[in-house]
Amino acid sequence: MPFAKTGGLGDVVAGLSKALRRLGHDARVLIPLYSFIDRAKYGIKPIGTACVHMGAGIEHWVGVHQTLLDDEVPIWFLDFDAYFGRPGIYDGPLGHHMDNAFRFGFLSKAALQICKDFQYIPHIMHAHDWPTAILPAFLKTWDRILSPLSNTASVLTIHNIGYQGKYDANVMPYLGLGVEHFTSEKFEDFGKTNLLKGGIWFADALTTVSPTHAKEILGPIGGQGLAMYLNNRSADLFGILNGADYSRWNPATDPLIPEKFSPTDLTGKAACKTALQRRFHLEERPDLPVFGIVSRFAHQKGFNLLREALPPALNNMLMQCVILGNGDADTENFVHWLTAAHPGRVGSHIGYSDDLSHLIEAGSDFFLMPSLYEPCGLNQIYSLKYATLPVVRATGGLDDSVANYSESTGTGTGFKFMEPDGLALYWCIGWAVSTWFDRPHHITRLRQQAMAQNFDWATSARQYVAVYQHALRKKRSITA
Ligand code: ADP
Ligand code: GLC
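Along every chain, residues carry numbers that run from 1 in the direction the sequence is written. Written order determines the labels here, with chains lettered from A and ligands numbered from 1. Local features in this predicted model are restricted to residues of pLDDT 70 or higher, and side-chain atom pairs are both shown and tallied only at a pLDDT of 80 or more, whereas totals for entire chains, interfaces and linings draw on every residue. Each side-chain value is derived from all of the structure's non-hydrogen atoms; neither hydrogens nor water enter the calculation.

1. Regarding the domain arrangement of the chain
- Domain start and end points were adopted from an automatic or database domain assignment. Per the domain assignment, the segments of the chain are domain 1 (8-243 + 459-474) and domain 2 (267-455).
- Domain 1 and domain 2 are separated by 33 Å when their C-alpha centres are compared.
- Any two residues having at least one pair of non-hydrogen atoms within 4.5 Å are treated as being in contact. At the junction of the two partners, domain 1 supplies 17 residues and domain 2 supplies 15 residues.
- Salt bridges are counted wherever a side-chain nitrogen of Lys or Arg sits within 4 Å of a carboxyl oxygen of Asp or Glu. Where domain 1 meets domain 2, there are 0 salt bridges.
- The residue classification treats Ala, Val, Leu, Ile, Met, Phe, Trp, Tyr, Cys and Pro as nonpolar and Asp, Glu, Lys and Arg as charged. All others, Gly included, are polar. When its residues are assigned to classes, the side of domain 1 that touches domain 2 shows 5 nonpolar, 10 polar and 2 charged.

Here it is as structure tokens:
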């Protein structure tokens, strides 16, 4: 979603909705009209108003705006300044927005109202993660009998179970859900309201973003407190690997990289590497392997492992490293320190930059993703297309999308390690570096195999359609 994004969820909603439309479905997307979205740039125009009814008789009038994503997907924007006229999506300069349960509960309720008012009655409402996890509950509890939405089924996709949307119990009245829903199998969680947990109870079908992660979340560590509730719904839980939007992430056409390249001609990649080294003040050495990182700085992404592995790796191995990201203050400090400690060998940019993320994908030789858990992960999928070999921990979607290198046969598309510790990562980096120097013919081969991988959205979208059909069947049997 070019309008507003903090991570992969934005990419997924854009890619999936486009692919669904290409399969002939009338997919539309509703997101908040954050005040930082450039309305003129994206041609966002008002199309009407709606009155959203929350609990305790509260009503809010909102504006509804619209544009087309890539001339294909209608995107509706919910204009309500009190909630969305501020910096940041979930967090602002002062930290987490304290009223997020209200803001996103309101978005979820508004989705139902807008569908009704604009006479768009979908077969499926597809909610994503904790912010809209309450939507399936609204569908099953709100004017069920007379509503034109009474045949609409819901699907909830869990992109990141590490963020569950836990708020005080007293958000329930505003959300308009009675005490009968504040029970341990629905929204109640150690005395708090857990929005994702409630969604798991109410959605007609559940998905997460890779087959391996769908198994992981059924276990006590992967489930992060929700395993039991997911096990209760395991017959309706599916793992579908994310696709990649190759109209944005293809080195043969990417307008954000200095030179294009393709499997038949990789010379442009060398030029991208030089441009990357120059941009990040690294020694312009084609012979040294460059390791790229583009990431939210969050515990999930394995920065505790990087903190252990990168300093000795940089001391002991011939390598360079480029880091782009922002988030946790201590990780930002670590990255500043690492950059200062290795002039000419480590470059970094603390912040969010589409341009730099494309340059890093194109110019690096290896891409580091040592995540503690990774529901899917997109950057390793983009890396494959850019012949940038992923070095990943074998978890979730990283395990599903990267094939481990075999030294004996030269097969594979990247380098994997299992244990979530710094030493394992250190040795895996060493494995990649030694392959770079000692078996360059295998690097050439791995690159070809990586670029040949195809994770296009059409395949994933077809699997989502099958889940939508499952949700409709299941719902019919509930309401019959
Ligand atoms: P997650 O959603 O957990 O952050 P993903 O790998 O699914 O992880 O998606 C991350 C997406 O966000 C990718 O498109 C990546 O390029 C982008 N991204 C993350 N951090 C940055 C950054 N600092 N600058 C630019 N893009 C970023
Ligand atoms: C999440 C996950 C990531 C996934 C993305 C999109 O933020 O952390 O693994 O790729 O959502 O589904």
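2. Some thoughts on the sheet that holds strand β10 (residues 188-189)
- Pairing between two strands is assigned when DSSP locates at least 2 bridges connecting them. Secondary structure follows DSSP: runs of H or I at least 4 residues long count as helices, runs of E at least 2 residues long count as strands, and numbering of each begins at the N terminus. Reading across the sheet, the 3 strands line up as β9-β11-β10 and stay open at both edges, with antiparallel pairing between neighbours. The two strands at the open ends of the sheet, each matched to only one other strand, are β9 (166-167) and β10.
- Across 2 bridges, the pairing between β10 and strand β11 (residues 192-194) is antiparallel. Of the residues in β11, the one forming a bridge with Glu188 is Thr193.
- Lines fitted to the C-alpha atoms define the axes, with helices restricted to the stretch that makes contact. Angles between their N-to-C directions range from 0 to 180 degrees. Against the sheet, helix α7 (residues 195-202) contacts β9, β10 and β11, and its axis sits at roughly 55° relative to β11.

3. Some points on the packing of helix α16 (residues 422-438) against helix α17 (residues 440-451)
- Two numbers describe how α16 lies on α17: the axes approach to 5 Å, and their chain directions differ by 110°. Comparing the axis directions of α16 and α17 gives the class roughly perpendicular. Facing Thr435, Trp436, Phe437 and Asp438 of α16, the residues of α17 in contact are Pro440, His442, Ile443 and Arg447.
- Taken together, the residues of the contact of α16 with α17 sort by class into 4 nonpolar, 2 polar and 2 charged. Oblique is the label for any angle not under 35 degrees, not over 145, and not in the 65 to 115 range, which are roughly parallel, roughly antiparallel and roughly perpendicular in turn.

4. Structural notes on the site of ligand 2
- Put simply, a residue is near a molecule or strand once any heavy atom of it comes within 4 Å of that molecule or strand. Looking at ligand 2, there are 13 residues lining it, with His159, Asn242, Glu374, Cys376 and Gly377 nearest.
- For this analysis, a polar contact is any N or O atom pair within 3.5 Å, provided that within protein one partner can donate a hydrogen and the other can accept it, and provided that sequence-adjacent residues contribute only side-chain to side-chain pairs. Pro375 places a polar main-chain atom, nitrogen or oxygen, 3.5 Å from an oxygen atom of ligand 2.
- Note on areas: Shrake-Rupley with a 1.4 Å probe; residue coverage comes only from the protein chains shown. Considered on its own, ligand 2 offers 310 Å² of accessible surface; in the complex 93% of this is hidden by protein.
- The element best represented in the shell around ligand 2 is helix α1 (residues 8-22), accounting for 3 residues.
- In the shell around ligand 2, the residues fall into 5 nonpolar, 6 polar and 2 charged.
- Both domains that furnish three or more residues to the shell around ligand 2 are identified here as domain 1 (8-243 + 459-474) and domain 2 (267-455).

5. Things to note about the site of ligand 1
- Taken together, 19 residues lie near ligand 1, and Gly8, Arg296, Lys301, Gly351 and Leu378 sit nearest.
- A distance of 3.1 Å is found between an oxygen atom of ligand 1 and a side-chain nitrogen or oxygen belonging to Lys5.
- Take Ser353: an N or O atom from its main chain is 3.0 Å from a nitrogen atom of ligand 1.
- Notes on ligand 1: free accessible area 560 Å², of which the protein chains cover 94%.
- Secondary structure elements with two or more residues in the shell around ligand 1: α1, β14 (290-297), β15 (320-327) and α14 (379-385).
- Broken down by element, the residue count for the shell around ligand 1 peaks at 3 residues, all from β14.
- Tallied by class, the residues present in the shell around ligand 1 amount to 5 nonpolar, 9 polar and 5 charged.

6. Thoughts on the pairing of strand β17 (residues 366-369)
- Residues of β17 alternate between two faces, with Phe366 and Leu368 on one and Phe367 and Met369 on the opposite face, all of them buried.
- Bridging between β14 and β17 involves 2 bridges; their strand directions are parallel. When the bridges of β17 are listed, Gly292 appears paired with Phe367.
- Sheet topology note: the β17/strand β18 (residues 389-393) ladder contains 4 bridges and is parallel. By the bridge assignment, Phe367 is partnered in β18 with Pro390.
- Assessed by its sense of winding, the connection that carries the chain from β17 through α14 to β18 is right-handed. Exposure classes here rest on a 1.4 Å probe applied to the protein chains alone. A residue is buried below 20% of its type maximum, exposed above 50%, and partly exposed in between. Handedness of a crossover is defined as follows: with both strands directed away from the viewer, a clockwise route from the first strand across the helix to the second makes it right-handed.

7. Let's talk about the pairing of strand β12 (residues 205-208)
- Side chains of β12 alternate between two faces, with Ala205 and Thr207 and Leu206 and Thr208 buried alike.
- Note: strand β8 (residues 153-158) against β12, 4 bridges, orientation parallel. Each residue of the ladder has a partner; that of Ile158, found in β12, is Thr208.
- For β12 and strand β13 (residues 237-239), the ladder comprises 3 bridges, and the chain directions are parallel. Note that in β13 the partner of Leu206 across the bridge is Leu237.

8. Looking at the nonpolar core
- The criterion is simple. A nonpolar core is a set of buried Ala, Val, Leu, Ile, Met, Phe, Trp, Tyr and Cys residues joined through side-chain atoms within 4.5 Å. By size, the foremost hydrophobic cluster in this structure holds 74 residues, and its most contacted members are Phe291, Leu310, Met319, Phe366, Leu368, Phe415 and Ile429.
- Here this core spans two domains, and each of domain 1 (8-243 + 459-474) and domain 2 (267-455) adds at least three residues to it.
- For Phe291, the residues in contact, after removing those within four places along its chain, are Met319, Gln320, Cys321, Val322, Ser364, Phe366, Leu368, Val391, Ile429, Ala432 and Val433.
- Phe3, Ala4, Ala111 and Ala133 belong to the second-largest nonpolar core, a separate cluster that totals 68 residues.

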